[in-house]
Protein chains: 2
Amino acid sequence: MKPFFNVQSVARVQALAGETAVLSAEHTAITTAAGRTLAGDLAAPHDLPGFSRSTMDGFAVRARDTFGCSETAPAYLELCGEVVMGREPDFNVQPGRCAKIFTGGMLPAGADAVLMVEHTRMAGDTTVEAAKSVAPGDNILGPTDDAARGQILLRAGHELRAQDIGLMAALGLEQAAVVRRPKVAIVSTGDEVVPISGAPAPGQVRDVNTYTLDQLVRQAGAEPLVMGLAPDDRAALQEVVGRALDTCDVVLLSGGSSVGTRDLTSEVFQSFPQAELLVHGVAVSPGKPFIWVRAGQKHLLGLPGQVASCMVAFYVLVEPLIEAMLGRAPLAFRRFGRLSAQLARNIPSTPGREDYIRARLTSNNGTGLIEPVFGKSGLITTLIQGQGLVRIPADSEGLYQGETVEMLLFP
Amino acid sequence: MKPFFNVQSVARVQALAGETAVLSAEHTAITTAAGRTLAGDLAAPHDLPGFSRSTMDGFAVRARDTFGCSETAPAYLELCGEVVMGREPDFNVQPGRCAKIFTGGMLPAGADAVLMVEHTRMAGDTTVEAAKSVAPGDNILGPTDDAARGQILLRAGHELRAQDIGLMAALGLEQAAVVRRPKVAIVSTGDEVVPISGAPAPGQVRDVNTYTLDQLVRQAGAEPLVMGLAPDDRAALQEVVGRALDTCDVVLLSGGSSVGTRDLTSEVFQSFPQAELLVHGVAVSPGKPFIWVRAGQKHLLGLPGQVASCMVAFYVLVEPLIEAMLGRAPLAFRRFGRLSAQLARNIPSTPGREDYIRARLTSNNGTGLIEPVFGKSGLITTLIQGQGLVRIPADSEGLYQGETVEMLLFP
């Protein structure tokens, strides 16, 4: 097998990403754990709620005392107490008796159901008329209804949502064991690229990629480290990439759109210990000049300099690697919404490569249509006008007007 | 009109949210602006890129010098210079001449197109053989191709994405004018509710809602302020709500599932200056006991105590208000993905109210199915097992097995 310098398929690059080891675990306060990935299965440390609770305002009863009763044939129960919220009742409900209880109150011993207040009437100071029968368990949560001790509630690799944080709070877990966030260094190159402050001289452009990649890395659940600009010069690139490797798991180097600069990037990447060139060119448009060198547990990635190409390459080729490092399937576009509609016009495509076309939603007589945003690939405004991407598979010669296609919506 | 104490429709509550004024603008560094909402239209302060750039490696030419040429009838052009990246060329391209240029290089005066290096051959030290014709504008970006000075690129109310941050970097805008984030105070009540650290005594439960709402508020683009627990007591509630009103735009008070506590909440809310009861009860399940009191520019919201109900009420009833304060349409579920599939079983529903059913994806012989997660509404694990919600409109008696329905995917 000699994959070097052959253009590889997107599927092959994503499969390589899937071979990457999951990063180590760390602990974080649950208040900062949303969006993080669980490092291990989460088991309930105790039963939840741990006692029987009422889900209604009413009376705690022995269900059998209400069997057969109705509006026309009520039962009469003796009131033996009232449950105080947040306290364990200090009485039992004996046969023929009941206790006043509110939503969330703890069921007293002896009782096995709650009769809603709407189905009762006070028939004296201490006599409750029950006009409906209840079955054991009615209008209560049992001690293990939410979770039994030891039960696995969430699996390793799960991305924590608001309700998962709530569950951990319910279980008294103030810390979550999550996968460490990959540290991703961002380097922009190009002798024509200048910092964004100040006015570029003629021939110069501002460093768009650092700012765009910084956001993409954050969105992907990783931690960016901005290294700044590096000139297109072997020694300078070697120095900045080496410095990035000291602290980061991944180095993203964007720029160098000319062929000579791309070759320089590849050579610099391969100069590091244990370096192994995995990918040099991918059958995808935009994003073709993608370089991936693995150096031990670290990854050196070369991305196109044009921001639109850089961004598509990130979504298609880099994010699956970050997903894998976080212990998830190496999928692209996990954070994208999906929307299907008819295509407003033909989109030609070259077979043999995957195409990602920037697209927007339009409407024709109230019907939503997906319309490609055409424009030269170096233009950032195609990304601004676009609401998402339409994927054209490698074996397709294009998509036809009127065909129903799926649009991947930018997050 | 007398809306007070009548249960109102979800649509009515969302329409009321839409009457809320947009908050003021503030400036933030673009590195922290992703997810924020633009306070005003964004116009290009200058042309972008501002000069003509090559999109290929090759030769800057006068297109007319290549007209009619081909592999078999090449043109010969005299090399008059090389464009240095990031510099304005100090020469003109005269008729019959060309200049070496790399991707991203600035087009020299006189040239109007770039001939790709693949279509050329050096026919001597300073003679380039051109084997293909190019039209004016080929393989270049013009000075205003990305944006012309004054052009509106993004509209007020737009939520900033990674590429929008990149665009601002390209334009040298280091700060963005965004809508101030609503400040949202979070108060949990209930005498049975205790802080999450330590073991609750029998009858007590931990404060799940503070942690869940904290995340929901952040997700919605607002800024949470955790006020902690307050007892179900008029003076205590009055004090904590008053303190919250000093600094916050919105107060979320959850808990008080019993009818008496809900009435107390409503009374406390209405005791503040300019208080106006807008909503007391909504035709939605879960989430019915929602209270909305407007006090001047501020909003006092009562949410159900059970976490699942609290969460649905937040998504359906609170998030549209936050959207409106951020200058967007008062829509629910904007951040939710959508997925359509057949329903695995019948879901009955009571006409006259909107139902939100927790659901998960299952599969049957490889076909995706949406299956309701049944469970008592007080259970948090129904939210954990669920991947989203299925909405049943108010005029429906339920959904049938096999019907294709839409699931709103939890963010």
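Here the structure is a predicted model, which means the values were calculated and not measured.

Caption draft 1: The arrangement of the overall build of chain A in detail. The helix and strand inventory of chain A stands at seven helices and 28 strands. For chain A, the C-alpha radius of gyration of 31 Å lies well beyond 22 Å, the compact-globule estimate for 411 residues. With the C-alpha coordinates aligned to their principal axes, the bounding extent of chain A is approximately 95 × 55 × 50 Å. Here chain A holds 411 residues, and the buried ones make up 54% of them. The long-range fraction of contacts in chain A, counting pairs at least 24 apart against all pairs at least 6 apart in sequence, stands at 70%. When the accessible surface of chain A is totalled, it reaches about 16500 Å², and 49% of it is carbon and sulfur. Between the centroid of the 35 positive side chains of chain A and the centroid of its 43 negative side chains there is a distance of 4 Å.

Caption draft 2: Local environment of the packing of helix α3 (residues 208–219) of chain B against helix α6 (residues 307–325) of chain B. Residue and element names in this part refer to chain B. Running from N to C, α3 and α6 cross one another at 20 degrees; their axes reach a closest spacing of 10 Å. As far as their axial angle goes, α6 and α3 are roughly parallel. α3 and α6 meet at a crossing whose hand is right-handed. Across the interface between the two elements, V208, N209, T212, L213, L216, V217 and Q219 from α3 touch V307, C310, M311, F314 and Y315 from α6. Broken down by class, the residue content of the contact of α3 with α6 amounts to nine nonpolar, three polar and no charged.

Caption draft 3: Here's a closer look at the interface of chain B and chain A. Of the residues lining the interface, 69 residues belong to chain B; the matching set on chain A comes to 69 residues. A combined buried area of about 5700 Å² lies between chain B and chain A, and 61% of that area is made up of carbon and sulfur atoms. In this assembly, chain B and chain A are joined by two salt bridges. In this structure, the salt-bridge partner of E192 of chain B is R53 of chain A, at a minimum N-O distance of 3.6 Å. Counting the contacts that link chain B with chain A gives 18 residue pairs in polar contact (both at pLDDT 80 or more). Of all elements in the fold, only β10 (140–141), β11 (152–154), α2 (162–170), β15 (205–206), α3 and α7 (381–385) of chain B reach the threshold of two or more residues within the side of chain B that touches chain A. A total of eight residues in the side of chain B that touches chain A trace back to one element, the largest contributor, which is α2 of chain B. Class assignment of the residues belonging to the side of chain B that touches chain A gives a composition of 31 nonpolar, 23 polar and 15 charged.

Caption draft 4: Quick peek at the relation of the copies chain B and chain A. When chain B is fitted onto chain A, the two copies agree to an RMSD of 0.0 Å after a turn of 180 degrees and an axial shift of 0.0 Å. The transformation just described matches what one would write down for a two-fold rotation axis. Residue G337 of chain B, judged by its C-alpha, is the member of chain B lying nearest the rotation axis, at 2.6 Å. When the interface residues of chain B are mapped onto chain A, 100% of them are again interface residues, pointing to one common binding face.

Caption draft 5: Molecular detail of the pattern of salt bridges. All told, the structure shown has 40 salt bridges over all chains when counted by the stated rule. Between R391 of chain B and E354 of chain B there is a salt bridge, with its nearest N and O atoms 3.2 Å apart. Residue R391 of chain B is found in strand β26 (residues 388–392), and its partner E354 of chain B is found in strand β24 (residues 354–364); the two are separated by 37 residues along the sequence. Put simply, E159, E319, E323, R328, R334 and R335 of chain A are held in one network by salt bridges that share partners.

Caption draft 6: Quick look at the sheet that holds strand β4 (residues 58–61) of chain B. All names here are of chain B. Across the sheet, which stays open at both edges, the six strands sit in the order β7-β4-β6-β5-β9-β8 with mixed pairing between neighbours. In this open sheet, the two edge strands, each paired with only one partner strand, are β7 (113–116) and β8 (120–122). Geometrically, the sheet is characterised by an average inter-axis angle of 40 degrees between neighbouring strands, direction not taken into account. As paired strands, β8 and strand β9 (residues 127–130) are joined by three bridges and run antiparallel to one another. The residue bridging R121 from the neighbouring strand is E129, located in β9.

Caption draft 7: Highlighting the side chain of Q14 of chain B. For Q14 of chain B, the position within the fold is in helix α1 (residues 10–18). Since its relative accessible area comes to 18%, Q14 of chain B is described here as buried.

Caption draft 8: Spotlight on the confidence of the model for chain A. Per-residue pLDDT for chain A has a mean of 95; in total, 99% of the residues score no lower than 70. Predicted complex metrics record ipTM = 0.93 and pTM = 0.94.

Caption draft 9: Broad picture of the pairing of strand β22 (residues 337–343) of chain A. All names here are of chain A. Inspection of the sheet shows β22 paired to strand β28 (residues 404–409) by six bridges, in the antiparallel sense. Each bridged residue has a counterpart across the sheet, and for A341 the counterpart in β28 is V405. In this structure, β22 lies alongside strand β25 (residues 367–372), joined through two bridges in parallel fashion. Bridged to L343 within β25 is I370.

Caption draft 10: Expanded view of the sheet that holds strand β16 (residues 223–230) of chain A. Residue and element names in this part refer to chain A. On the basis of which strands lie adjacent, the open sheet formed by six strands has the order β16-β13-β17-β21-β20-β18 and mixed pairing. Only two strands of the sheet have a single neighbouring strand rather than two, namely β16 and β18 (275–280). Looking at each pair of strands side by side, their axes are set apart by 20 degrees on average, direction ignored. As defined by bridge partners, β18 adjoins strand β20 (residues 291–295) across five bridges and the pair is classed as antiparallel. Residue pairing in the sheet places A275 in a bridge with A295 of β20. Lying over the sheet, helix α4 (residues 234–247) contacts β13 (183–189), β16, β17 (250–254) and β21 (298–303), oriented at roughly 165 degrees with respect to β16. Contacts between helix α6 (residues 307–325) and the sheet are confined to β13, β17, β20 and β21, with β21 contributing the most and set at about 170 degrees to the helix.

Caption draft 11: Molecular detail of the pairing of β7 of chain B. Residues and elements named next belong to chain B. Of the two faces of β7, the one holding A113 and L115 and the one holding V114 and M116 are both buried throughout. Taken together, the four bridges between β4 and β7 define a ladder with antiparallel strand orientation. What sits directly across from F59, in β7, is L115.

Caption draft 12: Local environment of helix α1 (residues 10–18) of chain A. Those residues of α1 of chain A that fall on the buried side of the exposure criterion are V10, V13, Q14, L16 and A17 of chain A. Summarising the axial view, the buried residues of α1 of chain A lie within an arc of 155 degrees, below the 170-degree limit, and thus occupy one face.

Caption draft 13: Spotlight on unusual backbone geometry. The peptide bond linking L48 of chain A to P49 of chain A adopts the cis configuration, its omega dihedral lying at 0 degrees. With respect to the helices and strands, P49 of chain A occurs in the loop between β2 (42–43) and β3 (53–54). A cis amide bond links S285 of chain B with the next residue in sequence, P286 of chain B, at an omega value of -10 degrees. Considering the arrangement of structural elements, one finds P286 of chain B in the loop between β19 (284–285) and β20 (291–295). Unusually for a residue other than glycine, Q274 of chain A sits at a positive phi of about 65 degrees. Using a relative accessible area of 65% as the deciding quantity, one classes Q274 of chain A as exposed. Even without glycine at this site, F333 of chain A takes up a positive phi of about 65 degrees.

About the criteria used
Residues numbered from 1 in each chain as written. Chains lettered and ligands numbered in written order. Predicted model: local features only at pLDDT ≥ 70, side-chain atom pairs only at ≥ 80, totals over all residues. Heavy atoms only, no water. Helix = DSSP H or I, 4+ residues; strand = E, 2+ residues; numbered from the N terminus. Rg over C-alpha atoms; globule rule 2.2 N^0.38 Å. Buried < 20%, exposed > 50% of the residue type's maximum accessible area, 1.4 Å probe, protein only. Contact = heavy atoms within 4.5 Å. Areas by Shrake-Rupley, 256 points an atom, 1.4 Å probe, with all protein chains shown as cover. Lys, Arg positive; Asp, Glu negative; His and termini not counted. Charge placed at Lys NZ, Arg CZ, Asp CG, Glu CD. Axes fitted to C-alpha atoms, helices over the stretch in contact; angles between N-to-C directions. Parallel < 35°, antiparallel > 145°, perpendicular 65-115°, else oblique. Left-handed = near helix turned anticlockwise from the far one by under 90°. Nonpolar A, V, L, I, M, F, W, Y, C, P; charged D, E, K, R; others polar. Buried area = accessible area lost by both parts, 1.4 Å probe. Salt bridge = Lys/Arg side-chain N within 4 Å of Asp/Glu carboxyl O. Polar contact = N/O pair within 3.5 Å; in protein donor to acceptor, adjacent residues only side chain to side chain. Least-squares fit on C-alpha atoms with pLDDT ≥ 70 in both. Pairing = 2+ DSSP bridges. pLDDT = per-residue confidence, 0-100. Arc of directions from axis to C-beta.

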